[in-house]
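Understanding the architecture of this molecule
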Amino acid sequence: LETGMVGRCLAAKKPVMVVADSWLTGEILKTLSATAKQTQAQLAVANPERFLPSRQLIRQHLDGGKLGEPGLVRMHRWEPALVDRRGAAPDLPASLLRDLELALSLMGRLPNSIYGFQRLANERDTSAGRSVLVHLGFPGGGVAMIDYADRLPPGDDYVSLTVIGSGGASYADDHQNMQLVYRGGRPQSVRTEERGRQLAAMAQGFVDDLNANRDFSPTILPGRSTPAAKRF
């Protein structure tokens, strides 16, 4: 459904922004890119993690020089097990890929060393969940470390991000966004979501880039002045 709708818009020469998610496989992206090239329409892929208000605040701190040069990006993401329509876990979770792209954009340069380790909860059943650790080393000694796990029971996930620079640090943690709710019985901890403002910022960023006729570079990266999305 998503592919057909996007394809029809591109065939009509309309600029399109799609959100990087599990449905956007490499094969689908190649097909959409070919259509966009044929019709000379703009196709952009946006990382929604960049547009969370907390992440945008960290970006403002970096761009404003308050943190100095970024030296460490540390990210945790723990979520319930993810399966596709066939009942199998994806090879690489879309949320982990988005976190990797966010880490690169915050560091502002490509890594010169990469290390990754994965442990499956059940070697014979990938839907049982996994734990993944990714370590990126950057020229000059910078580091990005991301740990991912999808072994939580059904319910909310947990995400945190810390950026430490030569002149300061900034962080966003879901613990900060939890509110105690009393409804009788034991109090419940409910998270205050950022998603509404995230979607508005993502759409506005795409419109601003189109109005400014900015180039959506098909190769990363990650400079701090990167547009809202990538063009293909």
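What comes next is a walk through the structure. The written sequence of each chain sets the order in which its residues are numbered from 1. The predicted origin of the model limits local features to residues at a pLDDT of at least 70 and limits the giving and counting of side-chain atom pairs to 80 or more, whereas totals for whole chains, interfaces and linings rest on all residues. Computation of side-chain values covers all heavy atoms of the structure but excludes hydrogens and water.

1. Considering the side chain of Glu 49
Going by this rule: Helix numbering and strand numbering both begin at the N terminus, where a helix is a DSSP run of H or I of at least 4 residues and a strand a DSSP run of E of at least 2. Residues adjacent in sequence count toward polar contacts only when both atoms are side-chain atoms; beyond that, a polar contact is any pair of N or O atoms within 3.5 Å, and within protein one must be able to donate a hydrogen and the other to accept it. Here a residue-residue contact requires only that any non-hydrogen atoms of the pair lie within 4.5 Å.
Mapped onto the fold, Glu 49 is located in the loop between strand 2 (43-46) and helix 3 (53-63). At 3.2 Å, the side chain of Glu 49 and the side chain of Arg 77 are in polar contact. Beyond its immediate sequence surroundings of up to four residues, Glu 49 is in contact with Arg 55, Arg 77, Arg 98, Asp 99, Leu 102, Arg 195 and Gln 198.

2. Describing the pairing of strand 5 (residues 130-137)
Short version of the rule: Paired strands, as defined in this entry, are two strands with at least two bridges between them according to DSSP.
By the bridge criterion, eight bridges tie strand 4 (residues 113-120) to strand 5 in an arrangement that is antiparallel. Across the sheet, residue Ile 114 finds its bridge partner in strand 5, namely Leu 136. Counted along the chain from strand 5 to the antiparallel partner strand 6 (residues 143-152), the turn is five residues long, and its residue Gly 140 has a positive phi close to 90°.

3. A few points about empty space enclosed by the protein
Applied cut-off: Points on a 1 Å grid over protein atoms alone make up a cavity when a 1.4 Å probe fits among them but cannot get out, and a pocket when they form an open set with protein on both sides within 12 Å along at least five of seven lines; lining residues each have an atom within 4 Å of a point. Grid points are joined across faces, edges and corners, and a volume is the space filled by probe spheres set on the points. In this classification, the charged set is Asp, Glu, Lys and Arg, the nonpolar set is Ala, Val, Leu, Ile, Met, Phe, Trp, Tyr, Cys and Pro, and all remaining amino acids, among them Gly, are polar.
If you walk through the whole model with that rule in mind, you get one cavity of 30 Å³ or more. Of the pockets and cavities examined, the largest cavity occupies roughly 130 Å³. Considering the residues around the largest cavity, the lining is formed by 13 residues, among which Leu 52, Asp 174, Arg 191, Glu 194 and Arg 195 are closest to the centre. Residue composition of the lining of the largest cavity, by class: two nonpolar, two polar and nine charged.

4. Things to note about the pattern of salt bridges
Inclusion rule: Every case where a carboxyl oxygen of Asp or Glu lies within 4 Å of a side-chain nitrogen of Lys or Arg is listed as a salt bridge. Accessible area is worked out with a 1.4 Å probe on protein chains only. A residue is then buried under 20% of its type maximum, exposed over 50%, and partly exposed in between.
This structure, assessed with the given rule, holds 11 salt bridges. The partner of Arg 98 in a salt bridge is Asp 21, and the shortest N-O contact between them spans 3.6 Å. One end of the pair, Arg 98, is in helix 4 (residues 94-107); the other, Asp 21, is in the loop between strand 1 (16-19) and helix 2 (26-39), and 77 residues separate them in sequence. For Arg 98, a relative accessible area of 13% gives the class buried. Here Arg 77 and Glu 49 are joined by a salt bridge, their closest N and O atoms 3.2 Å apart. Taken as a pair, Arg 77 in strand 3 (residues 70-80) and Glu 49 in the loop between strand 2 and helix 3 lie far apart in primary sequence, 28 residues in all. Judged by its relative accessible area of 3%, Arg 77 falls in the buried class. Ionic contacts of the salt-bridge type, sharing partners, join the residues Asp 21, Glu 49, Arg 77, Arg 98 and Asp 99 into one network.

5. Brief notes about the nonpolar core
We count it as follows: Remark: nonpolar core denotes a set of buried residues (Ala, Val, Leu, Ile, Met, Phe, Trp, Tyr, Cys) joined through side-chain atoms within 4.5 Å.
The biggest cluster of nonpolar side chains holds 21 residues, and the ones touching the most others in it are Val 73, Met 75, Leu 106, Leu 161 and Val 163. When contributions to this core are tallied by element, the ones reaching two or more residues are helix 3, strand 3, helix 4, strand 5, strand 6 and strand 7 (158-165). It is helix 4 that provides the largest number of residues to this core, a total of six residues. Among all residues touching Leu 106, those that are not within four sequence positions of it are Ile 58, Arg 59, Leu 62, Pro 70, Val 73, Leu 161 and Val 163. Judged by nonpolar contacts, the second largest core, of 11 residues, contains Leu 10, Val 18, Ala 41 and Leu 43.

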